[in-house]
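Listed below, chain by chain, are the residues.
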Amino acid sequence: MTAFHYRNGALRAEDCDLAAIAEKAGTPFYCYSGAALEENYRAFAQAFPGDALIAFSVKANGNLAVLKTLAALGSGADVVSGGELKKALAAGVAPGRIVFSGVGKTKDEMRAGLESGICQFNVESEPELEILNETAAALGVRAPVAIRLNPDVDARTHAKIATGGAETKFGIPVSRARQAYAHAARLPGLRIVGVDMHIGSQITEKAPFAAAFSRLAETIRMLRAEGHEIASADVGGGLGVAYGAGLPLPLKDYAAAVARALDGLKLRLILEPGRAIAAEAGVLVSRVLYAKEGESRSFLVLDAGMNDFLRPALYDAYHEIVPLNEPGPARAVYDVVGPVCETADIFARQRTLPVLKAGDLVAILSAGAYGAVMASAYNARPPAPEILVKGGRWSVVRPRLSEDTLVGYDRIPDWLQD
Ligand code: LLP
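For every chain, the first residue of the written sequence is number 1, and numbering continues from 1 onward in sequence order. Where local features are concerned, this predicted model is filtered to residues with pLDDT of at least 70; where side-chain atom pairs are given and counted, the filter is 80 or more; whole-chain, interface and lining totals use all residues. Here the side-chain values reflect all heavy atoms present in the structure, with hydrogen atoms and water set aside.

Asks: Could you give me a rundown of the overall build of the chain, with the residues and numbers involved?
Replies: Runs of E in the DSSP output that reach at least two residues are strands. Runs of H or I that reach at least four are helices, and both are numbered from the N terminus. If you tally the helices and strands in the chain, you get twelve helices and 21 strands. The quantity called the radius of gyration is restricted to C-alpha atoms. Its globule counterpart is 2.2 Å times the number of residues to the power 0.38. Expected size for 418 residues packed as a compact globule is a radius of gyration near 22 Å; at 23 Å, the chain falls within 12% of this value. Along the first, second and third principal axes, the C-alpha set of the chain runs to 70 × 60 × 40 Å. The rule is simple: take the accessible area with a 1.4 Å probe, protein chains only, and divide by the maximum for that residue type; under 20% is buried, over 50% is exposed, in between is partly exposed. Sorting the 418 residues of the chain into buried and exposed places 52% on the buried side.

Asks: Please set out the sheet that holds strand 2 (residues 10-13) residue by residue, giving values where relevant.
Replies: Strands qualify as paired when DSSP identifies two bridges or more between them. Read across the sheet, three strands follow the order 1-2-3 without closing on themselves; strand pairing throughout is antiparallel. Each edge of the sheet is formed by a strand with only one pairing partner; in this case those strands are strand 1 (4-7) and strand 3 (16-17).

Asks: Let's hear about helix 4 (residues 82-90): which residues, and what values?
Replies: When we look at burial in helix 4, the residues that qualify are G82, E84, L85 and A88. Projected down its long axis, helix 4 shows its buried positions confined to an angular sector of 160 degrees, all on one face. Seen from the open side of helix 4, the exposed residues pointing more than 90 degrees away from its buried face are K86 and A90. Any two residues whose heavy atoms approach within 4.5 Å are treated as being in contact. Against the buried residues of helix 4 lie helix 3 (64-71), strand 6 (76-79), strand 7 (98-100) and helix 5 (107-116). Following helix 4 by one or two positions, G92 has its phi on the positive side, about 95 degrees. This arc corresponds to the set of directions leading from the helix axis out to the C-beta atoms.

Asks: Tell me about the packing of helix 5 against helix 6 (residues 126-139), and please be specific about residues and values.
Replies: Convention adopted: a line fitted to C-alpha atoms gives each axis, helices being fitted over their contacting stretch, and angles between N-to-C directions are expressed from 0 to 180 degrees. The contact between helix 5 and helix 6 brings their axes to 10 Å, and the two run at 50 degrees. Taken together, the axes of helix 5 and helix 6 lie oblique to each other. Both helix 5 and helix 6 take part in a crossing whose hand is right-handed. Where helix 5 abuts helix 6, its residues K107, M110, R111, L114 and E115 lie against E128, I131, L132, E134, T135, A136 and L139. Amino acids are sorted into nonpolar (Ala, Val, Leu, Ile, Met, Phe, Trp, Tyr, Cys and Pro), charged (Asp, Glu, Lys and Arg) and polar (every other residue, Gly among them). Looking at the contact of helix 5 with helix 6, its residues break down into six nonpolar, one polar and five charged. Any angle that is under 35 degrees is reported as roughly parallel, and any over 145 degrees as roughly antiparallel; angles of 65 to 115 degrees are reported as roughly perpendicular and all others as oblique. Put simply, a crossing is left-handed when the front helix is turned counterclockwise from the back one by less than a right angle, and right-handed when it is turned clockwise.

Asks: Give a description of the site of the ligand that names residues and reports values.
Replies: The full set close to the ligand counts 18 residues, and S201, E272, R311, Y315 and Y370 are the nearest of them. Between N or O atoms, a polar contact is any pair within 3.5 Å; within protein, one atom must be a potential hydrogen donor and the other a potential acceptor, and residues adjacent in sequence are included only when both atoms are from side chains. D78 places a side-chain nitrogen or oxygen 3.3 Å from a nitrogen atom of the ligand. Separating an oxygen atom of the ligand from a backbone N or O atom of G238 is a distance of 2.8 Å. Taking 590 Å² as the accessible area of the ligand by itself, protein coverage stands at 92%. Near is defined per residue: the residue qualifies when any heavy atom it owns lies within 4 Å of the molecule or strand. The Shrake-Rupley method, run with a 1.4 Å probe sphere, supplies the accessible areas, and residue values consider only the shown protein chains as cover.

Asks: Report on the state of the cysteines, specifying residues and quantitative values.
Replies: Disulfides are defined as cysteine sulfur pairs within 2.5 Å. Tallying each qualifying case throughout the model produces zero disulfides. In this structure C16 is a free cysteine whose sulfur lies 7.2 Å from that of C31, the closest cysteine sulfur available. Residue class for C31 comes out buried when judged on its relative accessible area of 0%.

Asks: Give me the lowdown on the nonpolar core, citing residues and values where you can.
Replies: Here, nonpolar core refers to any group of buried Ala, Val, Leu, Ile, Met, Phe, Trp, Tyr and Cys residues whose side-chain atoms link them within 4.5 Å. Within the largest apolar cluster, 118 residues are counted, with the highest numbers of intra-cluster contacts made by L18, F48, Y254 and L262. Domain extents, as shown, originate in an automatic or database domain assignment. Here this core gathers at least three residues from each of two domains, domain 1 (4-31 + 279-408) and domain 2 (102-271). Apart from residues no more than four positions distant in its own chain, F48 is found in contact with I54, L251, Y254, A255, V258, L269 and L271.

Asks: An account of the packing of aromatic side chains is needed here, citing residue identities and associated values.
Replies: Two aromatic rings, drawn from Phe, Tyr or Trp (for Trp, its six-membered ring), form a pair once their centres lie within 6.5 Å of each other, and the interplanar angle then sorts them: stacked below 30 degrees, edge-to-face above 60, tilted otherwise. In this structure the tally under the stated criterion is ten aromatic pairs. Summarising the aromatic geometry, the rings of F48 and Y254 are spaced 6.0 Å apart at their centres and angled 75 degrees between planes, so their arrangement reads as edge-to-face. Here F48, found in the loop between helix 2 (34-47) and strand 5 (53-57), pairs with Y254, found in helix 9 (residues 251-262); they are 206 residues apart in sequence, far enough to count as distant. The exposure class assigned to Y254 is buried, which follows from its relative accessible area of 1%. Residues F100 and F121 carry aromatic rings whose centres are separated by 5.9 Å and whose planes lie at 15 degrees to one another, so their mutual orientation is stacked. Here F121 lies in strand 8 (residues 120-123) and F100 lies in strand 7, a separation of 21 residues in the sequence. The burial state of F100 is the same as that of F121; both residues are buried. The rings of F44, F48, F209, F213 and Y254 are connected pair by pair, giving a single aromatic cluster. Sitting over the ring of Y318, R351 keeps its end group 3.9 Å from the ring centre. Over a ring means this: the NZ of a Lys or the CZ of an Arg is within 6 Å of the ring centre and within 35 degrees of the ring normal.

Structural measurements only, silent on function.
Written as structure tokens, this is what we have:
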């Protein structure tokens, strides 16, 4: 199924006409397909049958309606903050299916996780082991712990989203795994349950995964030989999608890399996919405000900006842009930009697109992951609202903030009051 497709010349999300939604809801807006989310989740669940825990990475898309769609299918959640934990719980994710990752957990966040009875904490440093131990002991419980190991593997992805290299802040070097687990085993507030790894995001080759998983398997054997009970292996997320012409790593090849390294170790698998489930399930719909001629290039100025969708500005990410009206054959070359006062506010550079004019609607594709979650109110622009579609129904699942609401967030101190 392709959730976003043309029918009678108009781009639809499932059975909803996106231009009709734009008329009612205004632009820009994110639109997610419930069916695509479900299909992508189910593909993962089928690729990893049995007792594997698919813990959707909430950082990719934290909208409650999205989380609830996935939770209804049995999805767990990978959270990295107290806020994400609250969202996962509010969406109905079972606490026993939540893993808590992140290099900088606070005591409050640890307490919240312990009090809700989450599945495990993925601990990223020795000092964190100590603080988690104290926090759990103070509550009279033992914290379920996996240690995130950094395998020093090049994920061959954008440098800003590679996490498995020795020079990054993530995890404990695999060379210190023995000491770190011995350390954890001595702390009475902790209960070792497994190991964890995540080498980066938007990975499109099998080799980095294979290298990391084989290092993980070696480490599990070593830790078991040392007497630790390693019942689960959290292999993180990272599976890439095809944003442009590039091919993604097929899910079955990724699953084969996991199986090849870890089958036979009798582990419960935990996976933390984010992008692979949400990216292609969402688009950002925007209107062309101006078609503008520069000295040497033509610009399309959209009403969405880098505050709404940061990936192109931050990672030079490629996203396809298509008109909502099915295009004819005429083409032109454009720079597609937003209204924000930064040169970085650009969605596509020198892109050959159907000829477009002011007032036309476009969709920026594969924007369902790391889109709305990374939005800001830069330039005092209320970020794009979010809409979820299911068949022929649609609903605003995060409304557009009014400018007054934004302005109302600020406070004037007493010495500046009139
Ligand atoms: N688990 C951990 C510990 C992570 O740090 C991440 C992503 C994931 C799972 C999910 O990874 P995924 O399956 O989505 O690749 N904002 C960037 C991506 C940052 C990813 C951060 N960590 C982007 O827009 O490309």
